[in-house]
Amino acid sequence: MKAARFHGRGDIRIDEVPEPVVRPGTVKVEVEWCGICGTDLHEYLEGPIFAPPADAPHPLTGETVPITLGHEFAGVVAELGEGVTDLRVGDRVVVEPYIVCGRCDACTQGRYNVCQSLGFVGLSGMGGGFSQYVVAERRWIHPLGELGTDVGALVEPLAVAYHAVRLAGTRPDHTAVVFGAGPIGLVTTAALRAVGVEEVIVVEPADVRKEKASVAGAGAVLDPRSTDVTAEIMELTKGRGADVTFECAGVDAVLKTAIQSTRVGGTCVNVAIWGHEASVAMNDLVFREVNVLGSLAYADDHRPVIDLIARGKVDPHQFITGRIGLDDLVVGGFQELIENKESNVKILVQPR
Ligand SMILES: [Zn+2]
Ligand SMILES: [Zn+2]
């Protein structure tokens, strides 16, 4: 089968690789759609970051580059391993793309998303969604029911958002602010609305993204170039500040504004992955007892996200800005996302 593999920085090739073989307790999935993630772009432009280099194999997979990419995928069950009896060939499913140890403190706490040996299918080995077939353990397979597999490919990014929203203890009567309306900020906005939060404010300078934020459900969109964001949020919240804020940019000035616009005793969630050490004025936290917490990926979040989509609480179609074939991955996918960053959210790849 064909697979898009990361060989090194700026080097992704469509290679011919052997089909993965189903084992007891696993499921072979024929991938129908796989989204391109910001993480994939980072890997391509600045990597290897997650992909294990030749001299440092991943501790659980033992694999090194070249690594098949693609971790936001859904497809249909192609074959069932021995002992898997609760699925049928042809079922539409999404794969939670984890590689975890199952033994460390995080794993024993059920917080397997921060496993000390954490790896991702499509970044650390065990194949990836930019190929026709993936084999994964039954525990990582989530049935989509009647939902399409294109929508299924959006479950993973929505699960990232849902996890952050859940971790923050967000309630429907909360006021929430999302900083940044890139792909993660947009799915966070949609996830907040999906769980019933009525007042969602988005902070974003780019015009195209501002419009997308409104579609995703933002009640107000603030432009940090022309607005004193903290003052405006105070105004909109009757002088209190927001109950929950989400930093989806990974920028010092944004983090500062996010903390300062969080209500006394409220929570500022960091969803961004940082390229540098952040500077934080600790007194901004101390004097108003603001909580700051980190949120990474998802754990037990796929099922509730699938249910929210099935119940019509969020429509993932709004995030699909392109569909391409595997052979067009680099030019029509990666290059397109790099050159037209703001007009794109998710480009889906059909890996056949
Ligand atoms: Zn991703
Ligand atoms: Zn672990």
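The paragraphs below set out a description of the structure included in this document. (Residues numbered from 1 in each chain as written. Chains lettered and ligands numbered in written order. Predicted model: local features only at pLDDT ≥ 70, side-chain atom pairs only at ≥ 80, totals over all residues. Heavy atoms only, no water.)

## Points about the environment of Gln-132
Relative to the helices and strands, Gln-132 is located in the loop between β8 (119-120) and β9 (133-137). For the pair Gln-132 and Ala-3, spaced 129 residues apart in sequence, the C-alpha separation works out to 7.3 Å. Looking at Gln-132, its side chain comes within polar contact range of the side chain of Glu-30, at 2.9 Å. (Helix = DSSP H or I, 4+ residues; strand = E, 2+ residues; numbered from the N terminus. Polar contact = N/O pair within 3.5 Å; in protein donor to acceptor, adjacent residues only side chain to side chain.)

## Let's talk about the coordination of the zinc ion (ligand 1)
Surrounding the zinc ion (ligand 1) are the protein donor atoms Cys-37 (SG), His-71 (NE2) and Glu-72 (OE), at 2.2 to 2.4 Å. Classification of Cys-37 by relative accessible area gives buried; the value is 13%. (Donors = N, O, S within 2.8 Å, 3.2 Å for Na, K, Ca; no water. Buried < 20%, exposed > 50% of the residue type's maximum accessible area, 1.4 Å probe, protein only.)

## Remarks on the pairing of strand β5 (residues 72-80)
Here eight bridges tie strand β3 (residues 26-35) to β5, and the two strands are oriented antiparallel to one another. The residue bridging Gly-35 from the neighbouring strand is Glu-72, located in β5. Pairing between β5 and strand β6 (residues 92-95): three bridges, direction antiparallel. Residue Gly-75 lies in a different strand from β6, and its bridge partner there is Val-93. (Pairing = 2+ DSSP bridges.)

## Some details on the coordination of the zinc ion (ligand 2)
Coordination of the zinc ion (ligand 2) by the protein comes from Cys-101 (SG), Cys-104 (SG), Cys-107 (SG) and Cys-115 (SG), over a distance range of 2.3 to 2.4 Å. Around the zinc ion (ligand 2), the four donor atoms are arranged such that angles at the metal cover 104 to 119°; this shape is classified as tetrahedral. For the zinc ion (ligand 2), the single-chain donor residues occur in sequence as C-x2-C-x2-C-x7-C. Pair noted here: Cys-101 is in the loop between β7 (98-99) and α2 (105-108) and Cys-115 is in the loop between α2 and β8, with a separation of 14 residues, a long-range link. Assigned by exposure class, Cys-101 and Cys-115 land together as buried. (Tetrahedral: all angles 85-135°; square planar, octahedral: opposite > 155°, others 65-115°.)

## A few points about the packing of helix α4 (residues 155-167) against helix α10 (residues 302-310)
Contact geometry for α4 and α10: axes closest at 9 Å, N-to-C directions at 110°. On the basis of their axis angle, the class for α4 and α10 is roughly perpendicular. Every residue of α10 that contacts α4 at Val-155, Glu-156, Leu-158, Ala-159 and Tyr-162 is listed here: His-302, Pro-304, Val-305, Ile-306, Leu-308 and Ile-309. Looking at the contact of α4 with α10, its residues break down into nine nonpolar, one polar and one charged. (Axes fitted to C-alpha atoms, helices over the stretch in contact; angles between N-to-C directions. Parallel < 35°, antiparallel > 145°, perpendicular 65-115°, else oblique. Contact = heavy atoms within 4.5 Å. Nonpolar A, V, L, I, M, F, W, Y, C, P; charged D, E, K, R; others polar.)

## So, the sheet that holds strand β15 (residues 262-270)
Spatial ordering of the open sheet is given by β13-β12-β11-β14-β15-β16, a layout of six strands whose pairing is parallel. Looking at the sheet topology across the chains shown, the edges are occupied by β13 (220-222) and β16 (291-294). In this sheet, neighbouring strand axes are inclined to one another by 20° on average, regardless of whether the strands run parallel or antiparallel. Relative to the sheet, helix α8 (residues 252-260) contacts β11 (175-179), β14 (242-247), β15 and β16, its axis offset from that of β15 by approximately 145°.

## A few points about helix α1 (residues 38-46)
Those residues of α1 that fall on the buried side of the exposure criterion are Asp-40, Leu-41, Glu-43 and Tyr-44. The arc that holds every buried residue of α1, seen down its axis, measures 160°, which confines them to one face. Along its buried surface, α1 packs onto β1 (2-8), β2 (11-16), β3 and α11 (329-339). (Arc of directions from axis to C-beta.)

## With respect to the packing of α1 against α11
Each pair of packed helices can be described by the angle between their axes along with the distance between the axes. Where α1 meets α11, the closest approach of the two axes is 11 Å, and the angle between their N-to-C directions is 90°. Between α1 and α11, the angle falls in the class roughly perpendicular. Along its contact with α1, which presents Asp-40, Leu-41, Tyr-44 and Leu-45, the element α11 presents Val-330, Phe-334, Gln-335, Leu-337 and Ile-338. Broken down by class, the residue content of the contact of α1 with α11 amounts to seven nonpolar, one polar and one charged.

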